[in-house]
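Letter by letter, the chains look like this.
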Amino acid sequence: MRAQPLLLGALAPLALAAAGAALAVQRPASDDPRAVVREATRAVQGDSVVRVRERWAARLRADSADRAAALALATIARLTYDYDDAERRYRRLFEGAPAADRYAAYARLGLAQGQDTHGRKPGEEDLLRAARAGARVAGDSAAEAEALFWQAHVLAPVYGGDFSLARLDTALRVLPQQGADDLRAACRCRRAHILAVMGRPGGVDSMAVASAFARRVADPDAEAYCLRGRGTALWVRGASDSALAVYDTLAALRRRMHDRGNLAVVLVLSADALRGRGDIGRAMPLFREALAEARASHNLYIEATVTLGMGGIALTLNDHATAARDVGEAVAAFEAADDSGSAMLARSFLPFVSIAAGDYARARQEVHAVLPWAQHVGDWLHVQELYTVLASAEMRAADWPAAARALDSAAVAARKVGASAEGTLAFPRGRLALYRGDLAAAEREFTRYLGGLDSSHRIERHETRAYLADVYARRGDLSRAERELTAAGDELDAWRAGLANEELRTLAFQAGATEANDRNASVARVLAALAAGGRADAAFALAERRRARELAERLVRARALHAGDAAAAPASSDRATPATTSAARDASPKPAARTTAASVAAAIPDDRTAVLEYVTGVMGAPTTLFVVTRAARGAAGVRPDETGVRAYVLPPADSLVDDVARFVALVEGGDPRALARPLGARLLDPALARLAPGVTRLVIVPDGPLHRVPWDALRLADGRYVAERYAVSVAPSATVLAELWRRARDRGAPSVQPVHLLAYGDPAFANEHDAPSSSAAGDAESYRSAFDSAGGLPRLRASADEAELVARYADVSEVRLREAASAAYLKHAPLSAFRVIHLATHALVDDRAITRTALALAPGSGESGFVGPGDLAALALDADLVVLSACRSAGGVVVDGEGVQGLTAPLLEAGARTVVATGWRIGDRSTVAFVDDFYRAMARGLPVGEALRAAKLDAIRRGAPPREWAAFTAVGDPLVAIPLHRPAPAWRAWLPAVLLALGAAALAVYWLRTLRARTADAR
C-alpha cells in the first residue's frame, strides 16, 4: 500500500469518549446538567473517581428522584466502560421525560457517546437528533451545539465532509457568546481537520488558528481534539515525522487523562502512520498496545480497526492469507455493527488481496464498489488511493491504457489534496512506463520519486531502486544495474537492522510498501541479465543477500558464542550446552558476512558435491540457476567462472507453477511419468550436462514454486530417476549450507562418545481415536497428518515399532511412547546430549499460515501437546540429525527470501545440522520399512544424504512407487555421518534365553536320571 494510510479515514468519525458531554460550558449551579457531567468527567480524568462516585451515590440513595446524581453516575459508568450500567441509567433519565427536560438531552448525548465508544453504531444518529431537538426546546444552545458537533463527528462517513462542515458551522453559530470556549475550540479543530483531509483551501491555516485558540482555552479535552486534528493535517501534507510527534504528545495527554478508549484511537493513528511509511517494526507494538487498550475499554470499534490495521501490515509483508483473514474479519465486524462508513473503508483493503491472488477482475469490482462512497464523502486522499490500486490491477492484467486512465483519475484526486499527494504518483507512473518499455520515462519517474523519500522510507527506497536496476538492466547497462540493486539491498539491510522482532526480520524480503508484489520480478530480471552478461559471481552474491538471512545470522551468532565458550571451557567439552544455544538465540543477531560464490566453493567439503541455487520471479521474469562446485571445471564450449560458479537462464517460474503442482499431485497419488522427464529437462538438464562425472551429490537451494518440487522423482535424460544417479538434499541458502559445513569443520574429528538417541512414537493424543485396522478395513493406512475427517487424531500404533526399531541403532537410547512422548519433555528437558532425535507422530502443516503449523505430541504438564515452529526454535539442540517422521513435515509457508517457514528451519536454528522431513502424506505402517533401511544405511557408515538415497534405491528395487520414498528429503548438511551400529539379528536376542532353557532342561534330565539311579540302588 502507498504511504497514505487508509485507517486515518477509518478513525475520522470515531468519537472522543472522554470528550462528549465533557466539552462543557461551566455553570455555577452544581446541579446544572452540564456542570454535573463536567465534574464526573474530571473525576475520572483525575484521581477522585471513587470519592465522587460515592458522593453522588449517597445523594441518589437519599433521593431516588435526584436527576443530577443519576446523570453523574451514568457519566462515570460510561467513562469507566461499564456500558450496560450507563445505558440503564441514561434511559431512566430520558424515557418518559418532557421534551424541554435538559437532563434528558444530556442523557441522550451521553448514551450516544457511550455507544460510539463501545462501537455500537445502530441508533446513534437517532439519539443525537433527539438530543439536539430536546436541547433546542429547552433553550440550551450549548447542548444543541454539542449535539451538532457529534453529528458532524459520527455521521461524516455516511453523509460526507460537506455535511460535517455544515453541522460544525451551525454549531459555532448557536454557541453562546460566553463560557463555551472549550466546545468552540473543538468545533474549530474538527472543521480545520475536515478541510485539510478534503484538500480545501485554508485548511492548514485554520488548523493553526484553531490549535492556538485551544491552547488558550487550556481545556484538556479540547486540546486533545485539536492535537488529533493537527496530527492528521500534518500527515496529509506529507510531514510524517511532525505528525507522529503530535500523536506522541496526544497519547501522553490521554494517558494523563486515564482515557483508555481514546488512547487506543491515538495508538492506532500512530501505528497506521508508521505502517504507511514502512516502519513496521514500530507499528506492530503500537497496534498490539492499541488492541490491549481497546479491550480494556471494551471498544469493539477499535478492536475491528486494529484488526484492519494488522491486515494492512500483512499486506505490506505480502502475507496474503493473513491479510485476507484480517480484512474479512474487520469488514464483518463493521457490518455487524451497522457501521456502513467504516465497512466501506475496510472494503478498500480488499482489492489488494484480490490483486495478490491474481483476480484482477474482482479487484476492479471491489475498487468501483468503494469509489462512489469515497467521492461522496469528499475523501480525495482515499479516492487517489483507490484509483492507484485500480491502476495496479490493470498493470498486472497488462491493460496499459486502462492503467493510464486510472492514474490520470488518481492525479485529479491528488490535486485536490496537495503537492505531497501528487508526488506519490511518480512511483506507479514509473512502473507503468517500465512495463510499456518506455525506459526513459520510467527512469525519470523513479528518480523523481526516490528524490522525495527521506532515509526513513527504507522499503520504498528499496523498491524504487530495484525498479531502477531493472531499467538499467534492460538498457544493457549492467554495471549501473548491479550498483543500483546493491544499493537496494543496502536499503533493506538498513531497515532489517532496525527491527527487533524476529518474525518481522524473517518477512523482510517479501515486504513491500506498494500494492504490487511484482518487485521481485525486477530483481529476478536483473539477476538473470547479470548472469547472462558474464557477471555470474556478482549475481550470485546479490541473490544470496536475499536468502535465509535471519537463519544464517543466527547460525553465525551461535557459532561465535560457541567458539567463545569453547575457548574458556575444558578441552574435552566438544558439545554445545543448552545455555550456550539459548544465549545464541536470545542475543541480537549480527549480520552474516557477504556470501560469494568463492566462499561457498571453498566451504564445499569435496569434489563430489555441487550446490544448485535457483532464483525465480513473477510476471514472466526468467529463472536463473547458479551451480557452484568446489573447483572450476571446464567443459566443451563453456568457460566457467574462476570462482567455480556457472549460471544458466531457465524458463520463467510462471510457466512452471501449474506443472509443478500437477507433478506433486501425481507423485503423491498417481502416475507422474508424463511430467517427470519434461520438468527434469527444464530444471536440471542444463546444469547436469556440464557437471563433472564425479559429482554424485546435489544440494538444491530452491526458490518460489520450486520449493515444492520432489527432485528425486524427476527423470534424467537416460530415463532414470534423479535419485538413481544423485543423492539430493535441500538447503535454505548457500550461506546457511556453508555455515553448517564450517561448523562441522570447526568441530574437527567426530566425537568418540557413545551416540545418544531420543525416539518418540505412538504419542497419547488428547482427542485420540483408533485408526482403521487391517482386519476391519483391509489395507487401510493411517496417515501421520493431524486431524482427519473424524475431527481427531488417529492413534499411530506402528510409530511405536518405528521408535523402538531406530533405538536399536544407537549406543544409548531413550524411547518415549504414549504419555511419555510428551510435548512437555521435548520443550523442557535438556536435549543437548542427543545426537539423533527421531519424532514419529502427526504433523499439522499449513502452507498459508505459519501459526497453523505444529507437531502433535502427548499433552500434559500444562502443555497442549502441539509444538509449533517457535517452540522448536527455542530448543537447545546439538543434534547431528532430527527426523520428522510425520506427514508434510518439510512443508510450510514459503516466504520470499527466507524460504519455507515450517518445522525444518526452526530446528536448524535450534542447533540441528540436518533435518529429514517429508513433502506429503506418509503411511504409519509403510514408513517403518523405509526408516529401517535409512538407519541401516547410516550404520554402514554412509552420511545422511547418501543413506537417504540408499533407502530410496532399496524402495525402487522393491518396486515401491515414488510416493513412498520421494517424500523424504534431507534439509541442511547432507554430509553428516553418525557412528550408528547395526542392531544384532533377531536370533541373537532370543539365543541366550534358548540356551538357558536348554541348560535348564539338561539339568532337569540329569537330576531325574540321578534320582532314578539312586532309587534303583536303594532297592
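Read on for a plain summary of the structure. Think of each chain on its own: its residues are numbered from 1, step by step along the sequence as written. For this predicted model, a pLDDT threshold of at least 70 governs which residues receive local features, and a threshold of 80 or more governs which side-chain atom pairs are given and counted, while totals over whole chains, interfaces and linings are taken from all residues. Side-chain figures throughout are based on the complete set of non-hydrogen atoms in the structure, without hydrogens or water.

### Structural notes on a positive patch on the surface
A cluster of like positive charges, contributed by R188, R215, R216 and R230, occupies part of the molecular surface. Each helix corresponds to a stretch of at least 4 residues labelled H or I by DSSP, and each strand to a stretch of at least 2 residues labelled E; elements are numbered beginning at the N terminus. Mapped onto the elements, R188 comes out in helix α11 (residues 181-197). Within the patch definition used here, like charges are joined within 9 Å and nonpolar side chains (Val, Leu, Ile, Met, Phe, Trp, Tyr) within 5 Å, considering only residues with over 30% relative accessible area and no salt bridge. What sets the accessible areas is the Shrake-Rupley method with a 1.4 Å probe; for residues, cover comes only from the shown protein chains. Throughout this description, the term salt bridge denotes a Lys or Arg side-chain nitrogen within 4 Å of a carboxyl oxygen of Asp or Glu. Counted charges follow a simple rule, with Lys and Arg positive, Asp and Glu negative, and His plus the chain ends left uncounted. One atom stands in for each charge, and that atom is NZ of Lys, CZ of Arg, CG of Asp or CD of Glu.

### Some thoughts on the packing of helix α16 (residues 280-296) against helix α17 (residues 300-316)
For helices, the axis comes from a line fit to the C-alpha atoms of the stretch in contact; other axes are also lines fit to C-alpha atoms, and the angle between any two N-to-C directions lies between 0 and 180 degrees. Taken N-terminus to C-terminus, the directions of α16 and α17 make an angle of 160 degrees; their axes are 9 Å apart at the nearest point. Put simply, α16 runs roughly antiparallel to α17. Taken as a pair, α16 and α17 cross one another with a handedness that is left-handed. Where α16 abuts α17, its residues I280, A283, M284, F287, A290, L291, A294 and R295 lie against I302, E303, V306, G309, M310, I313 and T316. Angle categories are assigned with fixed cut-offs, so that under 35 degrees is roughly parallel, over 145 is roughly antiparallel, 65 to 115 is roughly perpendicular, and the rest are oblique. For any pair of crossing helices, the crossing counts as left-handed if the nearer helix is rotated counterclockwise from the farther one by less than a right angle, and right-handed if it is rotated clockwise. Any pair of residues with heavy atoms lying within 4.5 Å of one another is described as a contacting pair.

### Side note on helix α13 (residues 220-236)
Given the number of residues in a helix, its expected span is that number minus one, multiplied by 1.5 Å. A rise of 1.5 Å per residue sets the reference length of α13, with its 17 residues, at 24 Å; its end C-alpha atoms lie 24 Å apart and thus fit the reference within 8%. Among the 17 residues that make up α13, 14 are buried, leaving the element largely enclosed by the rest of the structure. The distance from a side-chain oxygen at the start of α13 to the backbone nitrogen of D221 is 3.0 Å, and the residue carrying that oxygen is D219. A positive backbone phi angle near 90 degrees is found at G238, which sits one or two residues after α13. Classification of residues uses two cut-offs on accessible area relative to the type maximum, computed with a 1.4 Å probe and protein chains only: under 20% is buried, over 50% is exposed, and between them is partly exposed. N or O atoms within 3.5 Å of each other form a polar contact, as long as, within protein, one can give a hydrogen and the other can take it, and as long as residues adjacent in sequence are counted only when both atoms are side-chain atoms.

### A look at the packing of aromatic side chains
Any two of the Phe, Tyr and Trp rings considered here, Trp counted by its six-membered ring, make a pair once their centres fall within 6.5 Å; the pair's planes then place it as stacked at under 30 degrees, edge-to-face at over 60, or tilted in between. A full pass over the atoms with the stated rule returns 14 aromatic pairs. Considering the side-chain rings of F540 and F626, the 5.6 Å spacing of their centres and the 75 degrees angle between planes classify their relative orientation as edge-to-face. Placement of F540 in helix α31 (residues 536-544) and of F626 in strand β2 (residues 623-629) is noted, with a sequence separation of 86 residues between them. The exposure classification of F540 matches that of F626, with both residues buried. A cation over an aromatic ring shows up here: K416 above the ring of W380, its NZ or CZ 3.7 Å from the ring centre. Placement of a charge over a ring requires the Lys NZ or Arg CZ to be within 6 Å of the ring centre, with the centre-to-atom vector within 35 degrees of the ring normal. The aromatic ring of Y726 is capped on one face by R725, whose charged end is 4.4 Å from the ring centroid.

### Brief notes about the packing of helix α6 (residues 102-118) against helix α7 (residues 124-138)
The angle between the axes and the distance between the axes are what describe a pair of packed helices. Between α6 and α7, whose axes approach to 8 Å, the crossing angle comes to 155 degrees. Taken together, the axes of α6 and α7 lie roughly antiparallel to each other. Crossing geometry of α6 relative to α7 is assigned as left-handed. Contacts from R102, A105, R108, L109, L111, A112, Q115 and D116 of α6 reach α7 at E124, L127, L128, A130, A131, G134, A135 and A138. Under the scheme applied here, ten amino acids are nonpolar (Ala, Val, Leu, Ile, Met, Phe, Trp, Tyr, Cys and Pro), four are charged (Asp, Glu, Lys and Arg), and all others, including Gly, are polar. Taken together, the residues that form the contact of α6 with α7 break down as ten nonpolar, two polar and four charged.

### Quick notes on the state of the cysteines
By disulfide we mean two sulfur atoms from cysteines, separated by a distance within 2.5 Å. Overall, the coordinates contain one disulfide when judged by the stated rule. With no disulfide partner, C187 has as its closest neighbouring cysteine sulfur the one in C189, 9.6 Å distant.

### Comments concerning unusual backbone geometry
Across residues other than glycine, the phi torsion is negative in most instances, and most of the peptide bonds are trans. Although it is not a glycine, A398 adopts a positive phi angle of roughly 65 degrees. With respect to the secondary-structure elements, A398 resides in the loop between α22 (380-396) and α23 (400-417). Within the chain, R888 stands out as a residue other than glycine whose phi angle is a positive 55 degrees. With respect to the helices, strands and loops of the structure, R888 is situated in the loop between β14 (881-885) and β15 (892-895). Since its relative accessible area comes to 24%, R888 is described here as partly exposed.

### A look at the pattern of salt bridges
Counted by the stated rule, this structure contains 62 salt bridges. Close ionic contact of R474 with D470 constitutes a salt bridge, the shortest N to O distance being 3.1 Å. Taken together, the residues span about one helical turn, with R474 and D470 both in helix α27 (residues 458-475) at a distance of four residues. Judged by its relative accessible area of 38%, R474 falls in the partly exposed class. According to the relative accessible area criterion, D470 is buried, its value standing at 1%.

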